[in-house]
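Here are the chains, one letter per residue:
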Amino acid sequence: MTDQSPAPTVPSVTLQSGVTIPQFGFGVFQIAPDDTEAAVLDALRAGYRHIDGAQGYRNEREVMAVIDRSGIDPAEVFVTSKLSNAHRGYDESRRAIDESVAIHGDKQIDLFLVHWPLATVHDFMIVWKAITDAFDDGAFRAIGVSNFHRDHLERLFAESDHRPDVNQIEAHPYLVQAELRSFNAEHDIVTEAWSPIGQGIVLEDPVVAAIAEETGRTPAQVVLRWHLQLGNVVFPRSTAPSRIRENLASVEGDDLTDEQLTRISALDRHQRTGGDPDTFRYKY
Ligand code: NAD
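First, a word on scope: everything that follows refers to the structure included in this document. What you see is a predicted model, and the numbers here were worked out from it, not measured in a lab. (Residues numbered from 1 in each chain as written. Predicted model: local features only at pLDDT ≥ 70, side-chain atom pairs only at ≥ 80, totals over all residues. Heavy atoms only, no water.)

### Things to note about the side chain of Arg225
Phase 1 of the analysis: You can see Arg225 is positioned in helix H8 (residues 219-230).
Phase 2 of the analysis: Contacts of Arg225, omitting those with residues within four sequence positions, involve Arg217, Ser250, Val251, Glu252, Gly253, Asp254, Asp255 and Leu256. (Helix = DSSP H or I, 4+ residues; strand = E, 2+ residues; numbered from the N terminus. Contact = heavy atoms within 4.5 Å.)

Given below as structure tokens:
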């Protein structure tokens, strides 16, 4: 696809708050600040209108700067941020939220998440309270969590009047997350799948390769299409213009068959590429 080709039509998902989110976006984790503007500009030109960012990715300013100079109405680009794991306590969290709000300028942050529960480090209910109070003050259009297990969500349901719109969790064919995805769905929480291609590890799988051959898609497109048909929101990351377009083209063309979806889901081996939410303590 060239810049002149029409952008693919990306489906939307409606969150329980009524806010709609493009089901396919662009992730900016591990994209260096100096490379962020070029990558995000490529993504916007290709037709992406959803950027998954975070305070901890250290490129929030660059993401917003390129949206501002892209000529696209910032209201048309769905932007997510997440509270950095470095923040402790209510006041510190509110100050960090204010910094993100300032970086986003006139644009209301579309979605803001607790990045990790960090239950062995602090009380995530304090962080959630800071986010829900900022939501009530108009800082965000929607709020949610990331890396929450069922027990973390149950505590949140018991102790807060606010429900998360999304739970962003690691998910790909080697970590299908069937139970947690069902639990999310039962509570009207949309599952967002991070590392949707498992940072590349699932692309060499013979089953994925065979389905790529059967469908005329690339392995990445097969895996991303599987996510879309399961109902997951995805935002693969790449800084290569050809892959940025290849990935977005997953929204086009025929559905995978039920038999192909089942073969991919059967690859589950509960294999994480990132941290386990019960033990993860990383500060970013
Ligand atoms: P990913 O699954 O998107 O894989 C990225 C890797 O795959 C990169 O090395 C990239 O070069 C390669 N790649 C991309 N497209 C390809 C293609 N078509 N063919 C071959 N290789 C390709 O991994 P990710 O970046 O970890 O996850 C995506 C996004 O999820 C992140 O950018 C971030 O926004 C989000 N995320 C969130 C959390 C969280 O804790 N909430 C954690 C990790 C990632």
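Picking up after the structure, the text goes on.
### Points about the site of the ligand
Phase 1 of the analysis: Around the ligand lies a shell of 26 residues, among which Asp52, Ser146, Ser195, Arg237 and Asn247 are the nearest.
Phase 2 of the analysis: A distance of 2.8 Å separates a nitrogen atom of the ligand from a polar side-chain atom of Ser146.
Phase 3 of the analysis: When the ligand is considered free in solution it has 840 Å² of accessible area, and contact with the protein chains removes 90% of it.
Phase 4 of the analysis: Taking a 2 Å distance to the grid points as the criterion, the majority of the atoms of the ligand fall inside the largest pocket.
Phase 5 of the analysis: With 3 residues, the top contributor of residues to the shell around the ligand is helix H9 (residues 241-248).
Phase 6 of the analysis: Each residue belonging to the shell around the ligand can be placed in one class, and the counts come to 11 nonpolar, 10 polar and 5 charged. (Near = heavy atom within 4 Å. Polar contact = N/O pair within 3.5 Å; in protein donor to acceptor, adjacent residues only side chain to side chain. Areas by Shrake-Rupley, 256 points an atom, 1.4 Å probe, with all protein chains shown as cover. 1 Å grid on protein atoms, 1.4 Å probe; cavity = no way out; pocket = protein on both sides within 12 Å on 5 of 7 lines; lining within 4 Å. Sits in = over half its atoms within 2 Å of the grid points. Nonpolar A, V, L, I, M, F, W, Y, C, P; charged D, E, K, R; others polar.)

### Details of the packing of aromatic side chains
Phase 1 of the analysis: This structure, assessed with the given rule, holds 8 aromatic pairs.
Phase 2 of the analysis: Aromatic side chains Phe24 and Tyr48 sit 5.9 Å apart centroid to centroid with 55° between the ring planes, which places their arrangement in the tilted category. Placement of Phe24 in the loop between strand E2 (20-22) and strand E3 (26-27) and of Tyr48 in the loop between helix H1 (33-46) and strand E4 (50-52) is noted, with a sequence separation of 24 residues between them. Here Phe24 matches Tyr48 in class, with each residue buried.
Phase 3 of the analysis: The interplanar angle of 75° and the centroid separation of 5.5 Å between the aromatic rings of Phe26 and Tyr48 together place this pair among those described as edge-to-face. (Phe/Tyr/Trp six-rings, centres within 6.5 Å; stacked < 30°, edge-to-face > 60°. Buried < 20%, exposed > 50% of the residue type's maximum accessible area, 1.4 Å probe, protein only.)

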